[in-house]
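Residues per chain are reported as follows:
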Amino acid sequence: MMQNFRLAMAWVHTWFGLLLGFVLIVVFFFGSLSVFDREIDRWAIPETRFEPQPMPSFDEILRPAFESMQPTEESVAAMRGRVDGPMPAHFDTPIRWGAYTTHRDPVLGLFAGYQVPNAKNPDELVWGNRTIDPRSGDALPDDRLKIGSRFFYPLHYSLNLHWMDLGYWIVGLAALVMLVALVTGVIMHRKLFRELFTFRPGKSKQRSLLDLHNLTGVVALPFHFMFAFTGLVIFAGIYFPVTHTQLEPLHELHEVLDAEETGLPHERAGKPAAMASVDAMVREAQRRWAERDMAGEVGFLAVQYVDDANGYVSVYRAGTDRIALTGEGIHFKASTGEVLREDPPPSVVERVDEFLTGLHLQHFRHWMLRWLYVFGGLMGCVCLATGFLFFVEKRKRQHAKRGESGARVVDALAVTTVTGMLVATLAMLVANRLLPDHLPGRGDWEQYSFWGAWLLAMAHAFLRTAPVARARLAPAWREQCLAVAVMAVTAVLLNWVTTGDHLLRTLRDGYWPVAGVDLFMLTGAVIALLAARRLGLRRRPLPVALTDEEAAHA
Amino acid sequence: MASLTVSRFHLVSRVAAAVLGGYLFVWGAMALGVAGLFALGMSFHDAEHLCAMLAFLVYLVVFLWSFAAPDLRRVWLILAGGGALMSVLASLIQHALI
């Protein structure tokens, strides 16, 4: 299409990278935060600031908790149209109970699925969930938003945009474009190896920006590639639902064969049967894992067909000791406790798949690797941000001369997605500490403050980038950097005031979830202040100094 | 800028070929891969997972190729036509197995 291959690839890199880059930077940033999602939950829900707990006794703690559960109003409301006749006031037939935890969770998440009488599709269930303190079984207040694991984390892969799963698709396209941008970026730069070690901060702004863009892109290239790629593979079923549409008949054929092979019941018998001790089943599962030299913590415990003669209990291992996301599930007959099936060792393909999935989802216990993930993700953010800035710097004088607004719009969007995103994140944490404890819909208000602050930051960005149209620096950058610094310090102070957990105390007690979040915000505040200072020093336009190489990028 | 040398329609068509044509092609490849490997005796889940992993690498390659290839009509023909052809083959294999 264009004069030559290299120019075509440069075009793809520039325009796809710019357009989807605004999505990618959100994905990278909230992905980085999600590495410590459980820790952010602790910061946001002070009642849960205690040590991580193992899976508690089913017989004593979990069973009574499950028995007192009911489906959520939303789930019942969503089901209403798919039932012949009225909905019952109380759901008496639980089909599935599940409890899930990780080595970083002090609280335990439970879910329960219930049969719906007269449902048009009898396999469709209504669902309830609850978070408990595993030490006592007491339920935590329902309306506490887990900001880390239920807001930042889903934001990372769905933008929290659930209408028609649109968020997933946008993120999916962005991830594909990330792969494309990495390949085209390498093609554009012939002297790749030399650029790996090149950073000239003293040169012209445009030159140093490009150096930093190349450096952060190339040094972390395997990281960026692996994360974009494994992210796509994890959601392959959403992006290419081949086996649930075109090949559904083949899938069903396989399901029937599979059910025969595993020997696990695939429906209720309809005959009630009391459950044997699940704790004894867990002990047996742990004994079997120990025989294979595997760490024995339970990650996921599920009961299928509760209190039915066909009921069975599945016990899965928390994979804290390896990268691959595995479960080594062992399944017991619920009424007797005899072992029905032990998951067979994975095939080669499954092992590769588990490795890739585990690499992305990191259930392993390795704190240094976790921090490397954070830095890798933030390096991706730097790569994207410098990409935007380079785009603006290269064009703003030309656009100013021609009276076009392209560079200004891109600069405003860059401000919105770089500093504006930080403003939104911090606004949410500040709101989390300021909103009254028993405010109805508290979690919703936290989300409104996030989106509201982001909209404000965007409005500010568009208003305060006017000088870019005259080829000057936008004041929005400096002003939002200052806002970030002030808000980060405010959040840390509010945490102190409202919970008494100031840094001296959390550091002395070695309570890293809260100390870590506080320190991370303070570090961010210092960086934002330094950036604001630097921006204050260079508020005048710089002389144009294009080298041949830079011109070649055009 | 090089893009000034091509018409707007051509550009939109290129982008659509890469994104949508690429999608059709990968869909067909994945369907054919799963059905074909299953027919050859691989377990269904293995075939599904293997094809899912390869799918995105194929997508990456055809996406880039859509912009690099000189003849746009050929790009559309191979991506959309090839994707449809592979999908039909996958359905035929499925039909034969059930």
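Basis of the calculations
Residues numbered from 1 in each chain as written. Chains lettered and ligands numbered in written order. Predicted model: local features only at pLDDT ≥ 70, side-chain atom pairs only at ≥ 80, totals over all residues. Helix = DSSP H or I, 4+ residues; strand = E, 2+ residues; numbered from the N terminus. Rg over C-alpha atoms; globule rule 2.2 N^0.38 Å. Buried ≥ 20, exposed ≤ 12 C-beta atoms within 10 Å, placed from the backbone. Contact = placed C-beta atoms within 7 Å. Domains from an automatic or database assignment. Nonpolar A, V, L, I, M, F, W, Y, C, P; charged D, E, K, R; others polar. Expected span 1.5 Å × (residues − 1). Arc of directions from axis to C-beta. Axes fitted to C-alpha atoms, helices over the stretch in contact; angles between N-to-C directions. Parallel < 35°, antiparallel > 145°, perpendicular 65-115°, else oblique. Left-handed = near helix turned anticlockwise from the far one by under 90°. Pairing = 2+ DSSP bridges. pLDDT = per-residue confidence, 0-100.

**Description of the overall build of chain A**
Counting its regular elements, chain A contains 20 helices and seven strands. In terms of overall dimensions, chain A is globule-like: its C-alpha atoms have a radius of gyration of 27 Å, near the 24 Å expected for 554 residues. For chain A, the C-alpha atoms occupy an extent of roughly 85 × 55 × 50 Å along the three principal directions. Split into buried and exposed, the 554 residues of chain A put 41% on the buried side. Contacts in chain A between residues at least 24 apart in sequence constitute 71% of all its contacts with a sequence separation of at least 6.

**Observations regarding the overall build of chain B**
A count of helices and strands for chain B gives three helices and zero strands. Mapped from its N terminus to its C terminus, chain B presents α and β elements in the order α-α-α. Relative to a compact globule of 98 residues, whose C-alpha radius of gyration would be 13 Å, chain B shows 16 Å and is clearly more extended. Dimensions of chain B along its principal axes, counting C-alpha atoms only, are 50 × 20 × 15 Å. Residue burial in chain B is summarised as follows: out of 98 residues, 44% are buried. In chain B, the proportion of contacts linking residues at least 24 apart, taken out of those at least 6 apart, comes to 81%.

**Some points on the domain arrangement of chain A**
Many authors give the size of an interface as the accessible area that is lost as the parts come together. Under the domain assignment used here, chain A contains domain 1 (51-145 + 264-346) and domain 2 (403-554). Relative placement of domain 1 of chain A and domain 2 of chain A: their C-alpha centres are 41 Å apart.

**Concerning the interface of chain A and chain B**
In this assembly, 30 residues from chain A lie in contact with 36 residues from chain B. Of all the secondary structure elements, the ones that give two or more residues to the side of chain A that touches chain B are helix H1 (5-34), helix H6 (166-188), helix H9 (221-234), helix H11 (248-262) and helix H13 (348-361) of chain A. With five residues, H1 of chain A is the single largest residue contributor to the side of chain A that touches chain B. Grouping the amino acids of the side of chain A that touches chain B by side-chain chemistry returns 23 nonpolar, five polar and two charged.

**Details of helix H12 (residues 278-291) of chain A**
All names here are of chain A. Across its 14 residues, H12 extends 20 Å between first and last C-alpha, which sits within 8% of the 20 Å expected from 1.5 Å per residue. Residues of H12 that are buried include every one of Val278, Met281, Val282 and Ala285, and no others. Looking straight down H12, one finds its buried side chains confined to an arc of 100 degrees; they lie on one side. Residues Arg287, Ala290 and Glu291 are exposed on H12 and point more than 90 degrees away from its buried face. Buried residues along H12 sit in contact with helix H3 (58-67), strand S4 (298-304), strand S5 (312-317) and strand S6 (330-333).

**Comments concerning the environment of Ala220 of chain A**
Residue and element names in this part refer to chain A. Locating Ala220 in the fold gives a position in the loop between helix H8 (205-219) and H9. Ala220 gets classed as buried once you count the C-beta atoms within 10 Å, which come to 22. For the pair formed by Ala220 and Ile40, sequence separation is 180 residues and the distance between their alpha carbons is 25 Å. Setting aside residues up to four positions removed in sequence, Ala220 forms contacts with Gly376, Met379 and Gly380.

**Considerations on the packing of helix H1 (residues 8-39) of chain B against helix H2 (residues 44-68) of chain B**
Residue and element names in this part refer to chain B. The N-to-C vectors of H1 and H2 enclose an angle of 155 degrees; their axes lie 8 Å apart at closest approach. As the angle between them shows, H1 and H2 are arranged roughly antiparallel. At the point where H1 passes H2, the crossing takes the right-handed sense. Looking at side-chain class alone, the contact of H1 with H2 contains 19 nonpolar, four polar and two charged residues.

**A look at the pairing of strand S1 (residues 94-100) of chain A**
Where S1 of chain A and strand S2 (residues 108-115) of chain A come together, six bridges link them in antiparallel fashion. In the sheet register, Ala99 of chain A faces S2 of chain A, and the bridge partner there is Leu110 of chain A.

**Looking at the confidence of the model for chain B**
Atom-level detail of predicted coordinates should not be read off regions where pLDDT is low. Summing up the model confidence of chain B, the mean pLDDT is 93 and the portion of residues at 70 or higher is 95%. Interface confidence for the predicted complex, expressed as ipTM, amounts to 0.95; the pTM equals 0.92.

**What about the environment of Val88 of chain B?**
Residues and elements named next belong to chain B. Among the secondary structure elements, Val88 is positioned in helix H3 (residues 72-97). The class for Val88 is partly exposed, based on 13 C-beta atoms found within 10 Å. Separated by 31 residues in the primary sequence, Val88 and Leu57 have C-alpha atoms spaced 22 Å apart.

**Details of the environment of Phe38 of chain B**
You can see Phe38 of chain B is positioned in helix H1. Its 24 C-beta neighbours within 10 Å are what place Phe38 of chain B among the buried residues. With 13 residues separating them along the chain, Phe38 of chain B and Cys51 of chain B place their C-alpha atoms 11 Å apart. Excluding its chain neighbours within four sequence positions, the residues that come into contact with Phe38 of chain B are Leu250 of chain A together with Phe44 and Ala47 of chain B.

**Looking at the confidence of the model for chain A**
Of all residues in chain A, 95% attain a pLDDT of 70 or more, and the chain-wide mean is 91. Note on residues 541-554 of chain A: pLDDT under 50 across the span, and 11 contacts to partners over four residues away in sequence or across chains.

**A closer look at the packing of H1 of chain A against H6 of chain A**
All names here are of chain A. Packing of H1 against H6 leaves a shortest axis separation of 8 Å and a crossing angle of 140 degrees. As far as their axial angle goes, H6 and H1 are oblique. Considering the relative orientation of H1 and H6, their crossing is left-handed. Side by side, H1 and H6 meet where Arg6, Met9, Ala10, Val12, His13, Phe16, Gly17, Leu20, Val23, Leu24 and Val27 of the first sit next to Ile170, Val171, Leu173, Ala174, Val177, Met178, Val180, Ala181, Thr184, Gly185, Ile187 and Met188 of the second. Residues that form the contact of H1 with H6 fall into these classes: 18 nonpolar, four polar and one charged.

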